[in-house]
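An overview of the molecular structure
So the chains spell out like this:
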Amino acid sequence: MKILNDKLAKVLAAKRDELKAIGKEHGDKVVGQIAVEQVLGGARGMVALVCDTSTVPADKGLHIRGIPIGELAERLPEEIYYLLLTGELPDAAAVKEINAEFAQRNKVPSYVFDVLDAMPADSHPMAMLNTAVLVMQRESVFAKRYESGMPKDEYWQAALEDGLNLLARLPGIAAAIYRKRFKKGPRIESNPKLDWGANYAHMLGIDDPKGEFKQLMRLYLVLHCDHGAGNVSACTASTVGSALSDLYYSLSAGLNGLAGPLHGLANQECLKWVTETMEKFGGVPSVAQITKYAEETIAAKRVVPGYGHAVLRVEDPRFTAFVKFGKAHFPEDPVFKTVQNVYQAVPAVLKQHPKIKNPWPNVDAASGSLLCHYGLTEADYYTVLFSVSRALGITAQAVLARGMGLPIFRPSDTTTKKLREAAEKSTTKAG
Ligand code: HAX
């Protein structure tokens, strides 16, 4: 794709030079320290990755290339993809070219549907999506070119080809999974006149007379696009990609991580938790009733889904953007009203437990109620929507990683015995 290839060739050459210069001038300097609690705590807060696509300041939430996500809420996902890759928002001509490129590349090989048809009818939609991505590995431009001796400085171009092909096909695959898995009828053909998000909405087949569901889908795909490099899905995808496994392998691996209930699957869990409260209390529960239910959830040693975060220490701006959409379009919807009552109740409950570092809602706390309003009620499907969006960030990060020449990822480990010995010997405290 000419416009992205030309732009990235310049951006990446400058980036490689910058990284080389930093390494040469400062390679032996220390920029952080690791406390025992970080070694035992999932490497939380340990800086060991380079990521330029987005950052997640604990007190502000997601910024894409320096721009707060809230300011990008009205944009198209295609624009965000260009921004993630290049650091700049595209002009109208570039958006048109990306859309034309997606339309040209979107044909899903028929064997993908054969494989999906062969899966057990009760397979989780995420298992179906990740199988579909993996089975397409034979289409990888990167793998073919690597086999025929591709030089290192062309890796990023081949990764971009794989990324574009995957992004073009994912909405069609994801929509087909929805229609098959939840018995919604035959697949719906793509409409090349629609933008990426609207076309996905169209292929899902949700009744949308006012076009509001299409609007929600664009917003959904923008808000979930990326979240730095340290989260489970991005980190997994980039680790797999660092071995020069192509994007079919690495995206599928990353999205398997997104399928975990502490990560992307929380949106499914969250809607279930919200509807559980509605069933228990026979309608929209009061703040007091939700407070009690949240206390019971924690007492049962379960988490309250949609709340807390490994990095954030404030309300997630993506939650704020979703709530704004709900208030503008259907303030009286009972599920949406329950989500707002949950917001009134849960932070106060979580604050009673000092070990919980962030009592505020994350991205997953409201999205299900919005999807539900338009008739997309099958919560098991929600992580697939999240995945289609997150593929923007994961594929962009992969192109940049190959373009920057980042090496194979290989952190070190220690034994429990050695950790104890090192900790006992150390006199330095983190701070
Ligand atoms: N409900 C109950 N307990 C919670 C909690 C919540 N919402 N959030 C944190 N805790 C608990 C943790 O389970 C942990 O308990 P243990 O010490 O017994 O293991 C303790 O509080 C400390 O956790 P933390 O340091 O505050 O948070 P972590 O970095 O360990 O975990 C999680 C972050 C997001 C996994 C956590 O807050 C959680 O499980 N939240 C609910 C699930 C959820 O909403 N996940 C989606 C997160 C956003 C995302 O990735 N979306 O894709």
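The sections below set out a description of the structure shown in this document. (Residues numbered from 1 in each chain as written. Predicted model: local features only at pLDDT ≥ 70, side-chain atom pairs only at ≥ 80, totals over all residues. Heavy atoms only, no water.)

1. Topic: the overall build of the protein
- The helix and strand inventory of the protein stands at 19 helices and 3 strands.
- For 431 residues, the compact-globule estimate of 2.2 N^0.38 gives 22 Å, and the C-alpha radius of gyration of the protein, at 22 Å, lies within 12% of that figure.
- Its C-alpha atoms put the protein at 65 × 65 × 40 Å along the principal axes.
- Here the protein, with 431 residues, has 49% of them falling under the buried criterion.
- Nonlocal contacts in the protein, meaning residues at least 24 apart in sequence, comprise 76% of its contacts between residues at least 6 apart.
- Accessible surface for the protein amounts to roughly 20400 Å². Of this, 55% is attributable to carbon and sulfur atoms.
- If you average the places of the 51 positive and of the 47 negative side-chain charges in the protein, the two averages end up 3 Å apart. (Helix = DSSP H or I, 4+ residues; strand = E, 2+ residues; numbered from the N terminus. Rg over C-alpha atoms; globule rule 2.2 N^0.38 Å. Buried < 20%, exposed > 50% of the residue type's maximum accessible area, 1.4 Å probe, protein only. Contact = heavy atoms within 4.5 Å. Areas by Shrake-Rupley, 256 points an atom, 1.4 Å probe, with all protein chains shown as cover. Lys, Arg positive; Asp, Glu negative; His and termini not counted. Charge placed at Lys NZ, Arg CZ, Asp CG, Glu CD.)

2. Notes on the sheet that holds strand β3 (residues 67–68)
- Strand order in the open sheet made by the 3 strands is β1-β2-β3, with antiparallel pairing throughout. Here the strands that pair on one side only, and so sit at the sheet edges, are β1 (54–55) and β3.
- Bridging between strand β2 (residues 63–64) and β3 involves 2 bridges; their strand directions are antiparallel. Within β3, the residue paired with H63 across the bridge is P68. (Pairing = 2+ DSSP bridges.)

3. Section: the packing of aromatic side chains
- Taken as a whole and assessed by the stated rule, the structure comprises 16 aromatic pairs.
- With a centroid separation of 5.9 Å and 35° between ring planes, the pair formed by F102 and W196 is classed as tilted. In this pair, F102 sits in helix α4 (residues 92–105) while W196 sits in helix α9 (residues 196–204), placing the two residues 94 residues apart along the sequence.
- In this structure W196 comes out as buried when scored by relative accessible area, which is 5%.
- The rings of F213, F325, F330, F336 and Y374 are connected pair by pair, giving a single aromatic cluster. (Phe/Tyr/Trp six-rings, centres within 6.5 Å; stacked < 30°, edge-to-face > 60°.)

4. Considering the site of the ligand
- Around the ligand, a shell composed of 20 residues is seen, among which G306, Y307, K355, K357 and D364 lie nearest.
- N362 is positioned such that a nitrogen or oxygen atom in its side chain is 2.9 Å from an oxygen atom of the ligand.
- When the ligand sits alone it has 900 Å² of accessible area, and the protein chains cover 76% of it. (Near = heavy atom within 4 Å. Polar contact = N/O pair within 3.5 Å; in protein donor to acceptor, adjacent residues only side chain to side chain.)

In short, the description is geometric, and any link to function would need to be established separately.
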